Amino acid sequence: MVCLRKTSLVDYPGKVGAVLFFAGCGLRCPWCQNRDLVPGAPRETGEGGPSGGLGRGDKRSAFMSVEKALAHLEKRRAVLGGVVLSGGEPLMQADAAGIAAAVKRLGLPVKLDTNGMHPGVLEALCSHEASRPQYIALDLKLSPGRYGRLLPGGVEDAPDSRPGEALMQSAALIHALGIAHEYRTLVLPQGYIGPGDIRALAPLVDGAPWYFRPFIPGNCLDPAWNSLPRPAATEGEALIREARRLGKNPSALF
């Protein structure tokens, strides 16, 4: 099942796109604003279907079959510049390669949004021209050594290194593939992510754009995060300065 954002001007750089939001994610980031797509999270719906994630104002459709979503894309392919596979985590779909290939058969470029937890699936997807995306956005949430706390039941003082290792493998693969790409980091409140995280993430980042966007409370997976303030601009500026000091190409989306 998938939710469809029929039109987006911000999700695919330089293109008018549609976005397919797939349900399912192996992480439990407490600040996640796409709680509708996370297994086990209470579904909160508004007019038109699941509430919009990531602080964006346009509405997504109710859940529908992939086939129905593809049929809608076919009708609109003349006005679309591309399609974003997002989520949740699209690489958890049993037929991620088939879905990407179906979109490309419509003559529409594919952008993949991924959390980097499935490097083997990513490699398989990109190993065939039929399913190879034209653009990839990789989320960099925390230093790799802290990713264990984002697993279901993750423990603060006993991080699991496996998701961090998966993230590093995905980053290396994306760099080696030569596919256009970007990195994305959320500036979290109360210093939850700091310059130390940026120093740990920097080896994963090449010369591609690294975008920093502020956390905005509302519809968070952990309701306690809804009461936290939006981070001050100075918090994001500190992370960007550190990334720039390390020779990276950061930009603010504030």
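This text goes with the structure placed above it.
Conventions used here
- Residues numbered from 1 in each chain as written.
- Predicted model: local features only at pLDDT ≥ 70, side-chain atom pairs only at ≥ 80, totals over all residues.
- Heavy atoms only, no water.
- Helix = DSSP H or I, 4+ residues; strand = E, 2+ residues; numbered from the N terminus.
- Buried < 20%, exposed > 50% of the residue type's maximum accessible area, 1.4 Å probe, protein only.
- Contact = heavy atoms within 4.5 Å.
- Core = buried A, V, L, I, M, F, W, Y, C linked by side-chain atoms within 4.5 Å.
- Salt bridge = Lys/Arg side-chain N within 4 Å of Asp/Glu carboxyl O.
- Phe/Tyr/Trp six-rings, centres within 6.5 Å; stacked < 30°, edge-to-face > 60°.

A. Region of the structure containing the environment of Leu 106. Among the structural elements, Leu 106 can be located in the loop between α2 (96-105) and β6 (110-114). Leu 106 sits in the buried class, given a relative accessible area of 15%. Taking the C-alpha atoms as reference points, Leu 106 and Ala 78, 28 residues apart in sequence, are found 9.7 Å from one another. Not counting chain neighbours up to four residues away, the residues in contact with Leu 106 comprise Leu 70, Leu 73, Glu 74 and Arg 77.

B. Highlighting the side chain of Glu 242. Here Glu 242 is to be found in helix α6 (residues 233-245). Filtering out sequence-adjacent residues up to four positions away, Glu 242 remains in contact with Pro 195, Ile 198 and Arg 199.

C. Inspection of the nonpolar core at higher detail. Residues Leu 20, Trp 31, Leu 73, Leu 85, Leu 140 and Trp 210 are the most contacted members of the largest nonpolar core, which totals 62 residues. When residues no more than four places from it in sequence are discounted, the contact partners of Leu 140 are Tyr 147, Leu 167, Tyr 183, Arg 184, Thr 185, Leu 201, Leu 204, Val 205 and Trp 210. Of all hydrophobic cores here, the second largest spans seven residues; its members include Cys 3, Phe 21, Leu 37 and Val 84.

D. Representation of the pattern of salt bridges within the structure. In this structure the tally under the stated criterion is nine salt bridges. In this structure, Glu 129 engages Lys 104 in a salt bridge whose closest nitrogen and oxygen atoms are separated by 3.7 Å. Residue Glu 129 is found in the loop between α3 (119-126) and β7 (135-139), and its partner Lys 104 is found in helix α2; the two are separated by 25 residues along the sequence. Residue Glu 129 is classed as exposed on the basis of its relative accessible area, which comes to 60%.

E. Just the packing of aromatic side chains, in detail. Tallying each qualifying case throughout the model produces six aromatic pairs. Centre to centre, the rings of Tyr 12 and Tyr 135 are 6.2 Å apart; their planes meet at 40°, and the pair counts as tilted. Residue Tyr 12 is located in the loop between β1 (2-8) and β2 (17-22), and its partner Tyr 135 is located in strand β7; the two are separated by 123 residues in the primary sequence. The two residues Tyr 12 and Tyr 135 agree in class, both being buried. Summarising the aromatic geometry, the rings of Trp 31 and Tyr 192 are spaced 5.8 Å apart at their centres and angled 65° between planes, so their arrangement reads as edge-to-face. Of the two residues, Trp 31 is situated in the loop between β2 and β3 (45-46) and Tyr 192 in the loop between β8 (180-187) and α5 (195-201); the sequence distance between them amounts to 161 residues.

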